[in-house]
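Single-letter residue listing:
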Amino acid sequence: MVNLDAKGLRYMSTDEMRVLTAVEQGMKNHEYVPSSLIEVLAGLKRGGAFKVLRLLAKHKLVQHESVPQESFRLTNKGYDWLALRALSKRGSVEALGIRIGMGKESDIYTCTTAEGEEICIKLHRLGRNCFRTVKNNRDYLKANQSASWLYLSRLSSLKEYAFMKALYDKGFPTPTPIDVNRHCVLMSLSHSYQLNSIAVLRHPGRVFSVLMELVMRLAGVGLIHCDFNEFNLLVDDNEVVTMIDFPQMVSTSHINAKYYFDRDVDCVRTFFKRRFGFAADSVPTLEQALAGTEKAEGEGIDDMLRASGWNAAQEKVLGTLRELDEREGQKLGKLVEEGEEEEEEEDGWERVLDQTTGREYFWHNVTDEVRWTEPPEMAAVGLAAAQ
């Protein structure tokens, strides 16, 4: 577990931040960055850079490795400080508060802005022991591509911020997105309760209907939440719903879209029946959600943001296949018409060579009748053609 202690951040010198940033830059191509490369990237002399690196290692901002050469790598704490320093320089964060939540892939803290407004900051922590299959379960990386957990956390935060902003602009009940840097996402603080911690709802049927409408609306803009359950839904005192956690969202064009949609619906239905004793008579399906929506008209958020299962390459391939399908259909139609005309013209007797005896026989292509002598009908046709 990583403790976010940012007390020493205010005392960091410019040289220390330059060296810490140089380690981050070097980790794009190195697991452990050689000290000689850090000196070049930081623009400091050897003695000064190494002294700063020792100080950073003392405060556990970097990790030291001496074999096969002097090298360093950024720790989670160092990455936290880089992100917080950048957000502080932008004026997005003034002070850090307490931790209010911890999940399998993130930590959530309260913080305040320069105007004194209380907001929250989500730090993505991919790579924890409880969630190390993320490289297989999420599409942050392409096939046969590898990267550090810090970089994966950065990709996860950028993806969540993009989806949150797009959904917020569409009027979905999400926290207000404020800023993002590296693996940190700033958003408004929702004064609500996690649905899993609520024992009694005054109107469970109404809340369930709101959740089903929310699932339908998401599918309507081309998205499936994929983790739509009691842990990612917030309800306030007035039973107003807020939706959180977006890195795992996929497109309705995903090959497993129906499975993910049905799973989200079933998670909510099962929880409401177990916790509140509410059993729904019917639930929506993906086909119903997609009928007559923005996605059906080709204006889905997944197209704009390239959600999982739908990207530019797949759009190009789909367009090519549609063109080929149309062309092949036209060709097939012409061939069928020509074939039908030929069949109409050529229905009757044909000459066929017997491979065994080497003799010709006559075969009727409609009745399947076979003769060794020339049929009268064929002789009459030949005579008419000669005349």
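Cut-offs applied
- Residue positions are counted from 1 within each chain, in the order its sequence is given.
- Restriction of local features to residues with pLDDT of at least 70 applies here, the model being predicted, together with a cutoff of 80 or more for giving and counting side-chain atom pairs; totals for whole chains, interfaces and linings are based on all residues.
- Just so you know, side-chain values use all the structure's heavy atoms and leave hydrogens and water out.
- Per-residue confidence from the prediction method is given by pLDDT, with values spanning 0 to 100.
- We count a stretch as a helix when DSSP gives it H or I for four or more residues in a row; a strand needs E for two or more, and each element gets its number in order from the N terminus.
- Contacts are assigned to residue pairs with any non-hydrogen atoms lying within 4.5 Å of each other.
- Note on aromatic contacts: the rings of Phe and Tyr and the six-membered ring of Trp form a pair at centre separations within 6.5 Å, being stacked when their planes are under 30 degrees apart, edge-to-face when over 60 apart, and tilted otherwise.
- Charge over a ring is defined by NZ of Lys or CZ of Arg lying within 6 Å of the ring centre and within 35 degrees of the ring normal.
- The criterion for strand pairing is that DSSP finds at least two bridges linking the strands in question.

### Describing the confidence of the model for the protein
Right, on to step 1. When the pLDDT values of the protein are averaged, the result is 80; 75% of them are 70 or greater.
Right, on to step 2. Element-level mean pLDDT values for the protein span from 48 in helix H11 (residues 312-346) up to 96 in strand E12 (residues 241-243).
Right, on to step 3. Every residue in residues 139-146 is under pLDDT 50, and counting partners more than four places away or in other chains gives 15 contacts.

### Concerning the packing of aromatic side chains
Right, on to step 1. Applying the stated criterion to the full structure yields six aromatic pairs.
Right, on to step 2. An angle of 80° between the planes, with centres 6.2 Å apart, marks the rings of Phe271 and Phe272 as edge-to-face.
Right, on to step 3. Members of the aromatic cluster, each reached through a chain of ring pairs, are Phe208, Phe271, Phe272, Phe276 and Phe278.
Right, on to step 4. Of note, Arg73 hangs over the ring of Tyr32, and the distance from its end group to the ring centre comes to 6.0 Å.

### Considering the sheet that holds strand E14 (residues 349-353)
Right, on to step 1. As summarised here, the arrangement of the three strands in space is E14-E15-E16, forming an open sheet in which the pairing is antiparallel. Strands at the two margins of the open sheet, each flanked by one partner only, are E14 and strand E16 (370-371).

### Brief notes about the sheet that holds strand E1 (residues 33-34)
Right, on to step 1. The three strands are arranged E1-E3-E2 in an open sheet whose pairing can be described as antiparallel. The outermost strands of the open sheet, each flanked by one partner alone, are E1 and strand E2 (62-65).
Right, on to step 2. Pairing of E1 with strand E3 (residues 71-74), which is carried by two bridges, proceeds in the antiparallel orientation. Pairing of Val33 across the sheet is with Phe72, part of E3.

### What about the pairing of E2?
Right, on to step 1. Two elements, E2 and E3, share four bridges in a ladder whose sense is antiparallel. Across the sheet, His64 pairs through a bridge with Phe72, a residue of E3.
Right, on to step 2. Remark: five residues form the turn of the hairpin made by E2 and E3, two consecutive strands paired antiparallel.

### Side note on the environment of Asn76
Right, on to step 1. If you trace the backbone, Asn76 turns up in helix H4 (residues 76-90).
Right, on to step 2. C-alpha of Asn76 to C-alpha of Trp149: the two residues are 73 residues apart in sequence and 9.3 Å apart in space.

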